[in-house]
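Notes for the structure review
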Amino acid sequence: GYIVVTERRLGTTATTDMARRSMKERYLIAYNVIQACGWAYVLVHATQHAWEFHQQPTRARGGAQLQSSPYDIVRDFVVTFQVASFAEVAHSMLGITRSPVGAALMQWCGRTHVLMCALDAVGALHGTVAATTLVIAWALTEVVRYPSYALGLYSQCPLWLNWLRYTIFIPLYPLGAGAEMKLMYDARAFARKANMYSFSMPNAFNFAFDYVTFLNGLLIVYPFLFYSLYSYMFTQRKKKLGHVTSVKKQQ
Amino acid sequence: CDPRKFVRIPAKHTHGRTHTAVFARDMKLKVISRSGRTVLPEGIVLPSDAKVSDLKKIFHEMKRAYYPTRQRFTTVATKDAPRGVALEDAKALRDYGLVDGDTIVFKDLGPQVSYKAVFFFEYLGPLLAYLPFYFARETIYGKMLGFKDAGKAPLEAQTLAMYFHTAHYVKRILETFFVHSFSHATMPIFNLMRNCSYYWTFGAVMSYFINHPAYTPVGRTQMLAGFAFSAVMQLSNLRCHIILANLRKDGSKAYVIPSGFLFNYVTCANYCTEIYQWLGFNIATQSAMGYTFMCCGAAQMLQWAIAKHKRLRKLFPGTDGKPKFRRPFILLPPFF
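Here the structure is a predicted model, which is why all the values come from computation and not from measurement.

**A short note on the overall build of chain B**
Helices and strands together make up the secondary structure of chain B, namely eight helices and six strands. Computed over the C-alpha atoms, the radius of gyration of chain B is 27 Å, more than 25% above the 20 Å expected from 2.2 N^0.38 for a compact globule of 336 residues. Overall, chain B is about 90 × 55 × 35 Å in size when its C-alpha atoms are taken along their principal axes. Counting all 336 residues of chain B, 42% fall into the buried class. Put simply, 70% of the contacts in chain B that link residues at least 6 apart link residues at least 24 apart. For chain B, the computed accessible surface area is about 18,300 Å², with 62% contributed by carbon and sulfur atoms. The centroid of the 44 positive side-chain charges in chain B is displaced by 4 Å from the centroid of its 21 negative side-chain charges.

**Section: the packing of helix α2 (residues 115-135) of chain B against helix α5 (residues 189-210) of chain B**
Helix-helix packing: each pair is described by the crossing angle between the helix axes and the interaxial distance. Residue and element names in this part refer to chain B. α5 packs onto α2 with a crossing angle of 20° between their chain directions and a minimal axis gap of 8 Å. On the basis of the axis angle, α2 is roughly parallel to α5. Seen from above, α2 lies across α5 with right-handed handedness. Together, Val118, Phe121, Glu122, Tyr123, Gly125, Pro126, Ala129, Tyr130 and Phe133 of α2 and Leu192, Asn195, Cys196, Tyr199, Trp200, Gly203, Ala204, Ser207, Tyr208 and Ile210 of α5 make up the contact between the two elements. Taken together, the residues of the contact of α2 with α5 sort by class into 14 nonpolar, four polar and one charged.

**A word on the pairing of strand β2 (residues 38-47) of chain B**
All names here are of chain B. Taken together, the six bridges between strand β1 (residues 26-33) and β2 define a ladder with antiparallel strand orientation. The residue bridging Met27 from the neighbouring strand is Leu46, located in β2. Adjacent in sequence and paired antiparallel, β1 and β2 are bridged by four residues, among which Gly36 carries a positive phi angle near 100°.

**Details of the pairing of strand β3 (residues 71-75) of chain B**
All names here are of chain B. Counting buried positions over the five residues of β3 gives four, a clear majority of the element. Summarising the sheet, β3 and strand β4 (residues 103-108) pair through five bridges and their orientation is antiparallel. Across the sheet, the residue bridging to Arg72 is Lys107, located in β4.

**Comments concerning the interface of chain B and chain A**
Taken together, the contact pairs 18 residues of chain B with twelve residues of chain A. Buried area between chain B and chain A, both sides added, is near 1,400 Å², and the carbon and sulfur share of it is 64%. Inspection of the chain B/chain A interface yields zero salt bridges. Seen at the junction of chain B and chain A, the total is five residue pairs in polar contact (both at pLDDT 80 or more). For the side of chain B that touches chain A, the element with the highest residue contribution is helix α8 (residues 288-315) of chain B, accounting for three residues.

**Some details on the environment of Gln82 of chain A**
All names here are of chain A. Structurally, the position occupied by Gln82 is in helix α3 (residues 70-84). The class for Gln82 is buried, based on a relative accessible area of 2%. Put simply, Gln82 and Gly102 are 20 residues apart on the chain and 18 Å apart in space, counted from C-alpha to C-alpha. Leave out the neighbours within four places in its chain, and Gln82 touches Trp39, Trp108, Arg111, Thr112, Leu115 and Trp138.

**A few points about helix α4 (residues 86-94) of chain A**
All names here are of chain A. Every buried residue of α4 is listed here: Ala87, Glu88, Val89, His91 and Ser92. Against α1 (23-55), α3, α5 (101-120) and α6 (129-154) lie the buried residues of α4. Count one or two residues on from α4 and you reach Gly95, which has phi positive near 80°.

Calculation criteria
- Residues numbered from 1 in each chain as written.
- Chains lettered and ligands numbered in written order.
- Predicted model: local features only at pLDDT ≥ 70, side-chain atom pairs only at ≥ 80, totals over all residues.
- Heavy atoms only, no water.
- Helix = DSSP H or I, 4+ residues; strand = E, 2+ residues; numbered from the N terminus.
- Rg over C-alpha atoms; globule rule 2.2 N^0.38 Å.
- Buried < 20%, exposed > 50% of the residue type's maximum accessible area, 1.4 Å probe, protein only.
- Contact = heavy atoms within 4.5 Å.
- Areas by Shrake-Rupley, 256 points an atom, 1.4 Å probe, with all protein chains shown as cover.
- Lys, Arg positive; Asp, Glu negative; His and termini not counted.
- Charge placed at Lys NZ, Arg CZ, Asp CG, Glu CD.
- Axes fitted to C-alpha atoms, helices over the stretch in contact; angles between N-to-C directions.
- Parallel < 35°, antiparallel > 145°, perpendicular 65-115°, else oblique.
- Left-handed = near helix turned anticlockwise from the far one by under 90°.
- Nonpolar A, V, L, I, M, F, W, Y, C, P; charged D, E, K, R; others polar.
- Pairing = 2+ DSSP bridges.
- Buried area = accessible area lost by both parts, 1.4 Å probe.
- Salt bridge = Lys/Arg side-chain N within 4 Å of Asp/Glu carboxyl O.
- Polar contact = N/O pair within 3.5 Å; in protein donor to acceptor, adjacent residues only side chain to side chain.

Here is the structure:
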């Protein structure tokens, strides 16, 4: 930052009276609260079933499922709330929020692709440890992120929640990214057999798409994308949980 | 730094100020980084009428790692200028009100690479990447990828596409060295990586599909019309670039309204002809990746065109003796 640092408040308006807020603020608070509730449901139900489900002997799981996998139980919620989070891309496009459009779009596309194409479309992967890990890691992250946005808009994000937000990513990002890569890796065999999402030439637009090649390309690129996102979060962490506040404020 | 301009004051008249400038017309500036850290503990001593470019030269001598194009200086942040005022090379330090004892803020722009070098590599890549798919089609499509009849002769459309694509990038490289005059000498090295990935990838991918053994050409009339239109647009684009290169005389940095030829009707006639040039190519070759490449380029040029149009409108409002800048189109007649 610069020498003259204008102290950034985590909240926006002084009033906590909802009636006196702008429509935009009311809408954003509502959006964040709804998302928080959705992901809270996912977290509770997925974790409830995760332990029992993955304790089942493999023999029983190979044939008829003794019970639905954690992913199957929360699937409708995860799909709904993840796809609906496109709203965040729309918000930045319309200027309602200040996040960069490109980053938001890439995040949404990455997550939604893994969810819908690599996981949801491939039934055999629903019961895997990777699927359960994915769902729980995402839910844990969102259940901290959305309330911190909502509270930040409403009044002030509490310091402990802010700390959580900039700390739990440390284990959760690698877990989530690892689960995503494992799912894409395993999905390839099924995609090859069923020829998923692929088409070949000749055709009028001289274009061909092989989903397995696409997945291989993604798997190569993922570690680099993950690294830049992860290191970005660390610099954000240093900024937000800053330990040089006294020096800055004096100047 | 002409030594004859300086007057040396004998030591006994310095009144014990051994750490300030010895020469009467010198000034000493403190240099800090944006986070407040001191960059030069001993400060930097300059003649009081020094230009910013002199500052950068002397700074480079003191810190060899930071060559002048890598340095960026601003004044200290104030309420009116929360990020400080950027110091421009051609101006004198005192034009910014800087006097002895003042502080300036230094930022390292990172490793820089010259614009010409970037343009050369980013255009050489697609030029070369396109060719193997045309000339070594049997090896690539046949031996490596296992397609049937990979060795059959190229179609007329594929041959013309190869010539057009190659000619386009040869033109761009020649323009880089013989036509364009750049207002910035360098750009950050990250841009080199990013730009090269963009151009090289698209060049290779477009070529892969157009030279594919299962490529489906369009009707011959459409193909010839597309290439003809593309050729006309390429030549117009060259003329636009020559007009732009001649806008500023003798290294002046002033903005001049581009005029003549298509610039009378379109603010960014150069981008306009470039986009239509690719449109002609795509009408002739009809590939999804070709159209995608055109749209990506158009999206970027749209952003630049809007910014340029706004800037020219602000600089030439028609008052204070300045001409009024007005054009019927910004980027793509007859649409926008």
